[in-house]
Amino acid sequence: MQAFYDLAPLELIRRKRVQWIFDGNRTDIISSLRSKSLRKFLTKAENLLAEQGITWDIKPISVQEYAEWLPFYEQHMKLLNHDLLAKPDWYEKKIAEGKEVVGIFFRKDTKLVGSGIAVQTAKKFISFAYKASDFISLSSQSNSSLGSVIDYMYLKYACTNGFETISGGRSYNAFGVETTLGYLEFKTNFYVPVLSETEEVTHSVPLPENPEKPVLFYGEKLDQPLIPALCILTKTPLTEEQLKQYLVPTISYKVIQI
């Protein structure tokens, strides 16, 4: 049975999901990224793709192209034991809402090796809905995965096309339990967390099976709604180096010792 930690005595609440927004320099995306090694890698990313014979394109896609992509996504989500969030009828629902679906596809020798699906509304809003890729490292340095390139190319497309709001999608707001700590590190390299009043509120946070492991989440004080603070619920204090993996300069943090 899942155990939970009660946040009520701390006068904190937790939204079940958090949205990721790009708020960096739109003419120089790389300079806005948190990780120095990621910035260094992405300056060479397109050359590294070419060296490995990987081509890519971004374009609006048809319902047939979406259906052809689904098996690739499903295969990779099953390998990672992730929920299959992309459904066969998702495309039609978005079109019915007046939105356009965009695909980002990376291929090697015509074989699909990486992908992302985004949804856009005119030039006002674009959101990265789904992503799936092979485990491909493009260089020996850290942060050199194909997954990082996919997000970077998505941001280039979004910035070049002048969208008012650029979203990296949404995620569960309990890192280390519902979503991995590695996922939190990845997202904070590119985006900042934003909380929405439409998201469900809870007064607790799930605990990891291993009590020695931390769980991180974006909480809000009752008197400061929608102002996120990274809450670090832990039995063993994190080192300064560990903390650096998850901190966003504009977001405060709070350690909750248990």
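If you're wondering where the values come from, they're calculated on a predicted model, not measured in any experiment.

Asker: Can you help me understand the overall build of the protein in this one?
Answerer: In terms of helices and strands, the protein carries seven helices and 14 strands. For 258 residues, the compact-globule estimate of 2.2 N^0.38 gives 18 Å, and the C-alpha radius of gyration of the protein, at 19 Å, lies within 12% of that figure. Projected onto its principal axes, the C-alpha positions of the protein cover 55 × 45 × 35 Å. Residue pairs in contact within the protein that sit at least 24 positions apart in sequence constitute 68% of those at least 6 positions apart. Carbon together with sulfur atoms contributes 53% to the accessible area of the protein, which is approximately 13,300 Å² in total. When the 30 basic and 30 acidic side-chain charges of the protein are each reduced to a single mean position, those positions are 3 Å apart.

Asker: Sorry, what's going on with the pairing of strand β3 (residues 17-21) here?
Answerer: On a regular strand, each side chain points to the face opposite its neighbour's, so the side chains alternate between the two faces of the sheet. As defined by bridge partners, β3 adjoins strand β8 (residues 165-172) across five bridges and the pair is classed as antiparallel. Paired with Ile21 across the strands is Ser167, a residue of β8. Pairing of β3 with strand β9 (residues 192-194), which is carried by three bridges, proceeds in the antiparallel orientation. Pairing of Trp20 across the sheet is with Pro193, part of β9.

Asker: I would appreciate a short explanation of the environment of Leu70 in the present structure.
Answerer: Structurally, Leu70 can be placed in helix α3 (residues 63-79). Classification of Leu70 as buried rests on a relative accessible area of 7%. Between the C-alpha atoms of Leu70 and Leu84, which are 14 residues apart in sequence, the distance is 9.8 Å. Not counting residues within four places of it along the chain, the set of residues in contact with Leu70 comprises Ala86, Lys87 and Pro88.

Asker: Explanation requested: the packing of aromatic side chains in the structure shown.
Answerer: For any pair of aromatic rings, the description rests on two quantities: the centre-to-centre distance and the angle between the ring planes. A complete count under the given rule lists 15 aromatic pairs for this structure. Between Trp56 and Phe106, the aromatic rings sit 6.0 Å apart at their centres with planes inclined by 20°, giving stacked as the arrangement. Of this pair, Trp56 sits in strand β4 (residues 54-60) while Phe106 sits in strand β5 (residues 100-108); the two residues are 50 residues apart in sequence, bridging distant segments of the chain. Judged by its relative accessible area of 32%, Trp56 falls in the partly exposed class. Centre to centre, the rings of Tyr66 and Trp69 are 5.7 Å apart; their planes meet at 35°, and the pair counts as tilted.

Asker: Can you help me understand unusual backbone geometry in this one?
Answerer: Excluding glycine, a negative phi dihedral is what most residues carry, and trans is how most peptide bonds are arranged. Positioned with a positive phi, Asp109 is a non-glycine residue whose angle comes to about 55°. Structurally, the position occupied by Asp109 is in the loop between β5 and β6 (111-121). Despite not being glycine, Leu226 shows a phi value in the positive range, around 70°. By the element assignment, Leu226 lies in the loop between β12 (215-221) and β13 (229-234).

Asker: Can you walk me through the side chain of Ser133 in this structure?
Answerer: Take Ser133: it is sitting in strand β7 (residues 125-133). Among the residues examined, Ser133 registers a relative accessible area of 17% and is labelled buried.

About the cut-offs
- Residues numbered from 1 in each chain as written.
- Predicted model: local features only at pLDDT ≥ 70, side-chain atom pairs only at ≥ 80, totals over all residues.
- Heavy atoms only, no water.
- Helix = DSSP H or I, 4+ residues; strand = E, 2+ residues; numbered from the N terminus.
- Rg over C-alpha atoms; globule rule 2.2 N^0.38 Å.
- Contact = heavy atoms within 4.5 Å.
- Areas by Shrake-Rupley, 256 points an atom, 1.4 Å probe, with all protein chains shown as cover.
- Lys, Arg positive; Asp, Glu negative; His and termini not counted.
- Charge placed at Lys NZ, Arg CZ, Asp CG, Glu CD.
- Pairing = 2+ DSSP bridges.
- Buried < 20%, exposed > 50% of the residue type's maximum accessible area, 1.4 Å probe, protein only.
- Phe/Tyr/Trp six-rings, centres within 6.5 Å; stacked < 30°, edge-to-face > 60°.

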